[in-house]
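# An overview of the molecular structure
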Amino acid sequence: MHTCPRCDSKKAETVSKSPVEGAWEAYQCQHCFFTWRSSEPDTITNPEKYNPSFKIDPAEVETAVQVPAVPKRKN
């Protein structure tokens, strides 16, 4: 288990590994569903350096009933 940079939950799991051994691993938080790769900068992978403006309160995840719609693709 890993610590999620976005919600600080200890529920992040390894979901994928690079076909080139050791190049990167992909993680996903099982609480807030944030996904990141080990090869990203510390500002994404390190909970202490993650931009506080994008942090979320884990307690609010259960009450977040509205999910923004994905806009139509622009050609």
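A brief look at the structure comes next.

How each quantity is defined
Residues numbered from 1 in each chain as written. Predicted model: local features only at pLDDT ≥ 70, side-chain atom pairs only at ≥ 80, totals over all residues. Heavy atoms only, no water. Salt bridge = Lys/Arg side-chain N within 4 Å of Asp/Glu carboxyl O. Helix = DSSP H or I, 4+ residues; strand = E, 2+ residues; numbered from the N terminus. Buried < 20%, exposed > 50% of the residue type's maximum accessible area, 1.4 Å probe, protein only. Pairing = 2+ DSSP bridges. Axes fitted to C-alpha atoms, helices over the stretch in contact; angles between N-to-C directions. Polar contact = N/O pair within 3.5 Å; in protein donor to acceptor, adjacent residues only side chain to side chain. Contact = heavy atoms within 4.5 Å.

## Comments concerning the pattern of salt bridges
- Tallied over the full model, the rule gives three salt bridges.
- We note a salt bridge from Lys 55 to Asp 8, for which the minimum N-O separation is 2.8 Å. Of this pair, Lys 55 sits in the loop between helix H1 (42-45) and helix H2 (58-61) while Asp 8 sits in the segment before strand E1 (12-17), placing them 47 residues apart in sequence.
- Overall, the relative accessible area of 42% leaves Asp 8 in the partly exposed class.
- Between Asp 42 and Lys 49 there is a salt bridge, and its shortest N-O distance comes to 3.4 Å.
- Given the relative accessible area of 42%, Asp 42 is considered partly exposed.
- Of the residues examined, Lys 49 reaches a relative accessible area of 48% and is grouped as partly exposed.

## A look at the sheet that holds strand E3 (residues 35-37)
- Read across the open sheet, the three strands follow the order E1-E2-E3; overall the sheet is antiparallel. Either end of the sheet is taken by a strand with one partner, and the two such strands are E1 and E3. Each strand of the sheet is rotated relative to its neighbour by a mean of 30°, with strand direction disregarded.
- With five bridges connecting them, E1 and strand E2 (residues 25-29) associate as antiparallel partners.

## A few points about the side chain of His 31
- Position of His 31 among the secondary structure elements: in the loop between E2 and E3.
- Reaching out from His 31, the side chain makes a polar contact with the backbone oxygen of Pro 58 at a distance of 2.9 Å.
- Sequence-distant contacts of His 31, defined by excluding residues within four places in its chain, comprise Cys 7, Ser 9, Lys 11, Pro 58, Val 61 and Glu 62.

## Re the pairing of E2
- Where E2 lies against E3, three bridges are found, and the strand directions are antiparallel. Bridging across to E3, Gln 28 finds its partner in Thr 35.
- Between the end of E2 and the start of E3, which pair antiparallel, lie five residues, with Phe 33 showing a positive phi angle near 70°.

## Looking at the environment of His 2
- Of note, His 2 is situated in the segment before E1.
- Once the C-alpha coordinates of His 2 and Ala 12 are considered, the two residues, ten residues apart in sequence, prove to be 4.8 Å apart.
- Not counting residues within four places of it along the chain, the set of residues in contact with His 2 comprises Ser 9, Lys 10, Lys 11, Ala 12, Glu 13, Thr 14 and Tyr 27.
- A polar side-chain atom of His 2 sits 3.3 Å from a polar atom in the side chain of Thr 14.

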